[in-house]
Amino acid sequence: MKVAGKHYDTIWVKENDNSVVQVIDQSFLPFEFKIKSLSSFEDVYTAIKDMHIRGAPLIGAAAAFGIYLALVKYNQKIPLDEYLLSAAEKLKSARPTAINLVYAVDKQLEVIKKYDSPDEKRTAAFKNALEILETEKENCRKIGVHGLPLIENISRQKNGDPVNILTHCNAGWLACIDYGTATAPIYMAHDRGIDVHVWVDETRPRNQGAKLTAWELEQHGVPFTIITDNARISRSCNCWQRSYYNNRRCGK
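Residues numbered from 1 in each chain as written. Predicted model: local features only at pLDDT ≥ 70, side-chain atom pairs only at ≥ 80, totals over all residues. Heavy atoms only, no water.

1. A closer look at the overall build of the chain
For the chain, the count of helices and strands is 8 helices and 11 strands. Considered along the principal axes of its C-alpha atoms, the chain spans approximately 70 × 50 × 30 Å. Taking all 252 residues of the chain together, the buried fraction comes to 44%. Once local pairs closer than 6 in sequence are excluded, the contacts in the chain between residues at least 24 apart make up 64%. (Helix = DSSP H or I, 4+ residues; strand = E, 2+ residues; numbered from the N terminus. Buried < 20%, exposed > 50% of the residue type's maximum accessible area, 1.4 Å probe, protein only. Contact = heavy atoms within 4.5 Å.)

Now the structure itself:
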């Protein structure tokens, strides 16, 4: 994806400094574009826990780099295995429900246990973190490739009229390092010249749709409309508060 015409992933190793991992800080979007540097597994833990980075694939890749950064910072004051286990458990606790996070941490531990020295483990962890990152990107690209024909077919049926697609939360490039899951075929369709319009759920309470999905669609030039999740309406003299689950008088 591009930001102001420049390509970005949402996580990468800092140029000329393999001891620092950088991410797009989602907490400032859509008002400011900021890059956050992570230089320890504690930094990665905080970035995940405080939602500076969001999205299962991105969280998984970040956690893999978290184990790598733990090895970068290892100072031999405590046994290495004990240190790594402590780092792994802390990283997992940042978002206990995130399957990708647990998978990435466990995969790193599985890979590095084959090596003896801290240097060998660090090298292996770095390589594996990059592989996890690239695998997530490729998986999303393939979703786009397989999903594109569906949009093309709908466009043909509509004789070129806009194809309307509804999104919920953020399943886009920001959440997935690049391409996105649900948005990958949307971007590819747009790039093919297909008239696509996206209805973006606001997604309360954190408004990931309004703050993140809408922002990245705008960066790519895809037409979109943000829709509110719920709203209060008036019928005659009675106020009603509507949600997906109930219709009840608001008490006014």
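Structure's up, so let's keep going.
2. Side note on the nonpolar core
Ranked by internal contacts, the top residues of the largest apolar core, which has 44 residues, are Ile11, Ile48 and Phe65. Those elements that place two or more of their residues in this core are strand S3 (11-13), strand S4 (21-24), helix H1 (41-49), helix H2 (56-72), helix H3 (80-93), helix H4 (99-112) and helix H5 (118-157). The biggest single contributor to this core is H2, with 12 residues. Those residues in contact with Ile48, other than ones at most four positions away along the chain, are Ile53, Ile59, Ala62, Ala94, Arg95 and Leu101. (Core = buried A, V, L, I, M, F, W, Y, C linked by side-chain atoms within 4.5 Å.)

3. Considerations on the packing of H5 against helix H7 (residues 184-191)
Where H5 contacts H7, the two axes come as close as 7 Å, and the packing angle between them is 60°. Classified by the angle between their axes, H5 and H7 sit oblique to one another. In the crossing of H5 with H7, the sense of the turn from one axis to the other is right-handed. Where H5 abuts H7, its residues Cys140, Arg141, Ile143, Gly144, Val145, Gly147, Leu148 and Ile151 lie against Ala184, Pro185, Ile186, Met188 and Ala189. Within the contact of H5 with H7, the residues separate by chemical class into 10 nonpolar, 2 polar and 1 charged. (Axes fitted to C-alpha atoms, helices over the stretch in contact; angles between N-to-C directions. Parallel < 35°, antiparallel > 145°, perpendicular 65-115°, else oblique. Left-handed = near helix turned anticlockwise from the far one by under 90°. Nonpolar A, V, L, I, M, F, W, Y, C, P; charged D, E, K, R; others polar.)

4. What about the side chain of Asn128?
Considering the arrangement of structural elements, one finds Asn128 in helix H5. Contacts of Asn128, omitting those with residues within four sequence positions, involve Lys107, Gln108 and Val111.

5. So, the pattern of salt bridges
In this structure the tally under the stated criterion is 8 salt bridges. Between Asp9 and Lys137 there is a salt bridge, and its shortest N-O distance comes to 3.0 Å. With a gap of 128 residues between them, Asp9 in the loop between strand S2 (6-7) and S3 and Lys137 in helix H5 connect regions that are remote in the sequence. Each member of the pair, Asp9 as well as Lys137, is classed as buried. Arg141 is the partner of Glu138 in a salt bridge, and the nearest nitrogen-oxygen pair spans 2.8 Å. In this pair, Glu138 and Arg141 are both assigned in helix H5, 3 residues apart and thus about one turn of the helix distant. Its relative accessible area of 30% is what places Arg141 among the partly exposed residues. (Salt bridge = Lys/Arg side-chain N within 4 Å of Asp/Glu carboxyl O.)

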